[in-house]
Amino acid sequence: AYAPLANALAQARLCTNLCKVCKTLEIKQSALPVPDLRPVHRAAYFFECELEYTNLSSEEMSAMSIVPMLIDHCSPTLASLKCGSLFSIRPEDMAYTMREARALSDELAPKGLAIRVIDVGDGRALCYLYRPCQLCRMLACEKEAAFLTEQGYPYLTVEDAVDLLCARLSQGGAFPHEIGLFLGYPIDDVVAFIANKGRNCLCCGCWKCYTDACAAQKAFDKFRKCTSVYKRLFACGRTLDQLAVAV
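Here's a quick rundown of the structure. Note on numbering: residues in each chain are counted from 1, in written sequence order. Since the coordinates come from a predicted model, pLDDT governs what is reported: local features require at least 70, and pairs of side-chain atoms require 80 or more to be given and counted, while whole-chain, interface and lining totals use all residues. Heavy atoms throughout the structure, all of them, feed into the side-chain values; hydrogens and water do not.

**Here we look at the overall build of the protein**
The way it works is that DSSP assigns letters per residue, a run of H or I at least four long becomes a helix, a run of E at least two long becomes a strand, and they are numbered from the N terminus. Across its full length, the protein holds twelve helices and five strands. Burial analysis of the protein (247 residues in total) assigns 44% to the buried set. By definition in these notes, contact holds between two residues if any of their heavy atoms fall within 4.5 Å. In the protein, the proportion of contacts linking residues at least 24 apart, taken out of those at least 6 apart, comes to 57%. Exposure categories follow from relative accessible area, calculated using a 1.4 Å probe and restricted to protein chains: below 20% of the type maximum is buried, above 50% is exposed, and the middle band is partly exposed.

Below you can see the structure in the form of structure tokens.
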């Protein structure tokens, strides 16, 4: 299952060496042929070229990859069951992680997904996987739009709103309360969480529920089952691109 990807990476390493030779001989790198790769492997190819040989082995690259963590923490968003997922990481190499996230974001864009990695200092980062179209629908809802306006998001586009959220997250400290909407939490539960200061919830899973405990518990169960299935499929060789649902 991994042979095509390995082949793509091998071609990338060859291209990297050719680029170095061309630079020495003052030959334009644009003259180099780009191999005909499936879309699922193209990001890996250009990502490897961009690294320009950081002396990392394939094993080290795999160990540093955020892909397994995207499966562990973001499967419901990959499956289009919610609009966003967020998790914390402590990268060995922040620049490497940022480059990988950009490559993956480009690769997943046709599936309606985007990735942001936010450097929050002290060697830590937050990885946010989201679905711009679902966020756009959320921003268009009257109650959600009014709440976000109160929180300092006055009628922004999706990318502007995500930019502002990432800027606030990058400051460190406690998460801004509005982040719940960017993760697909019900607006009534987000508002109630703030009013109750995080106490007195009816049940707790991905979020603290204050309104419809039955519906929330069903959602929590569905998310857990989705994550379990995705982790099993990933372990059997399915790629991130194959597991991402196009919407």
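Next, the rest of the story.
**So, the nonpolar core**
In this structure, Ile118, Tyr128, Leu135, Leu148, Val162, Leu181 and Phe182 are the most contacted members of the largest nonpolar core, which totals 25 residues. Among the elements that make up this core, the one with the highest residue count is helix 8 (residues 158-169) (six residues). Apart from the residues within four sequence positions on either side, Val162 is in contact with Arg116, Tyr128, Tyr130, Leu135 and Phe182. Counting residues in hydrophobic clusters, the runner-up holds 24 residues, among them Ile66, Leu70, Val117 and Ala244. Side-chain atoms within 4.5 Å link the members of a nonpolar core, which is a set of buried Ala, Val, Leu, Ile, Met, Phe, Trp, Tyr and Cys residues.

**Here's the deal with the pattern of salt bridges**
Any Lys or Arg side-chain nitrogen found within 4 Å of a carboxyl oxygen on Asp or Glu counts as a salt bridge. On inspection of all chains with the given rule, the structure shows seven salt bridges. The partner of Arg168 in a salt bridge is Glu178, and the shortest N-O contact between them spans 2.8 Å. Taken as a pair, Arg168 in helix 8 and Glu178 in the loop between helix 8 and helix 9 (179-182) lie far apart in primary sequence, ten residues in all. Sharing partners across several salt bridges, the network here consists of Arg116, Glu159 and Asp163.

**Points about unusual backbone geometry**
A positive phi angle is found at Ser80, which is not glycine, with a value near 65 degrees. Its identity as a non-glycine residue notwithstanding, Lys197 has a phi of 55 degrees, on the positive side. Along the polypeptide, Lys197 turns up in the loop between helix 10 (187-195) and strand 4 (203-204).

**Thoughts on the packing of helix 6 (residues 132-140) against helix 7 (residues 142-150)**
Axis angle and axis distance: for two packed helices, these are the angle between their axes and the distance between the axes, and together they describe the pair. Closest axis-to-axis distance for the helix 6/helix 7 pair is 5 Å, and the angle between their directions is 85 degrees. Relative to helix 7, the element helix 6 lies roughly perpendicular. Where helix 6 abuts helix 7, its residues Met138, Leu139 and Ala140 lie against Glu142, Glu144, Ala145 and Leu148. Among the residues making up the contact of helix 6 with helix 7, the classes are represented as five nonpolar, no polar and two charged. Every axis in this analysis is a line fitted to C-alpha atoms, fitted for helices over the stretch in contact. Angles between the N-to-C directions lie between 0 and 180 degrees. Put simply, angles under 35 degrees are roughly parallel, angles over 145 are roughly antiparallel, angles from 65 to 115 are roughly perpendicular, and the rest are oblique. Any residue outside Ala, Val, Leu, Ile, Met, Phe, Trp, Tyr, Cys, Pro, Asp, Glu, Lys and Arg is labelled polar, Gly included; the first ten of those are nonpolar and the last four are charged.

**Details of the packing of aromatic side chains**
For this analysis, a ring pair means two rings from Phe, Tyr or Trp (six-membered ring only for Trp) whose centres lie within 6.5 Å, classed as stacked if their planes differ by under 30 degrees, edge-to-face if by over 60, and tilted for the remaining angles. Applying the stated criterion across every chain yields a total of four aromatic pairs. With a centroid separation of 5.2 Å and an interplanar angle of 35 degrees, the aromatic rings of Tyr185 and Trp207 are classed as tilted. Taken together, the residues Tyr185 in the loop between helix 9 and helix 10 and Trp207 in the loop between strand 4 and strand 5 (208-209) connect sequence positions 22 residues apart. When its relative accessible area of 21% is taken as the criterion, Tyr185 is described as partly exposed. An angle of 75 degrees between the planes, with centres 4.8 Å apart, marks the rings of Trp207 and Phe220 as edge-to-face. Of this pair, Trp207 sits in the loop between strand 4 and strand 5 while Phe220 sits in helix 11 (residues 213-235), and the two are 13 residues apart along the sequence. Assigned by exposure class, Trp207 and Phe220 land together as buried. Members of the aromatic cluster, each reached through a chain of ring pairs, are Tyr185, Trp207 and Phe220. Here, over-ring charges are defined by two tests on the NZ atom of lysine or the CZ atom of arginine: distance to the ring centre within 6 Å, and angle to the ring normal within 35 degrees. Lys82 extends its terminal NZ or CZ atom over the ring of Phe223, reaching a point 6.0 Å from the ring centre.

**Here's the deal with the sheet that holds strand 1 (residues 84-89)**
Here we have three strands laid out as an open sheet, ordered 1-3-2, and antiparallel in their pairing. Two strands in the sheet have a free side with no partner beyond their single neighbour: strand 1 and strand 2 (114-121). When strand polarity is set aside, the average angle formed by the axes of neighbouring strands in this sheet is 20 degrees. Relative to strand 3 (residues 124-130), strand 1 runs antiparallel, the two being bridged by six bridges. Residue pairing for strand 3: Phe87 is matched across the bridge by Cys127. In the packing of helix 4 (residues 67-78) onto the sheet, contacts are made with strand 1, strand 2 and strand 3, and the angle to strand 1 comes to roughly 165 degrees. Relative to strand 2, helix 8 is tilted by about 25 degrees, and along the sheet it contacts strand 2 and strand 3. A pair of strands is considered paired only if DSSP assigns at least 2 bridges between the two.

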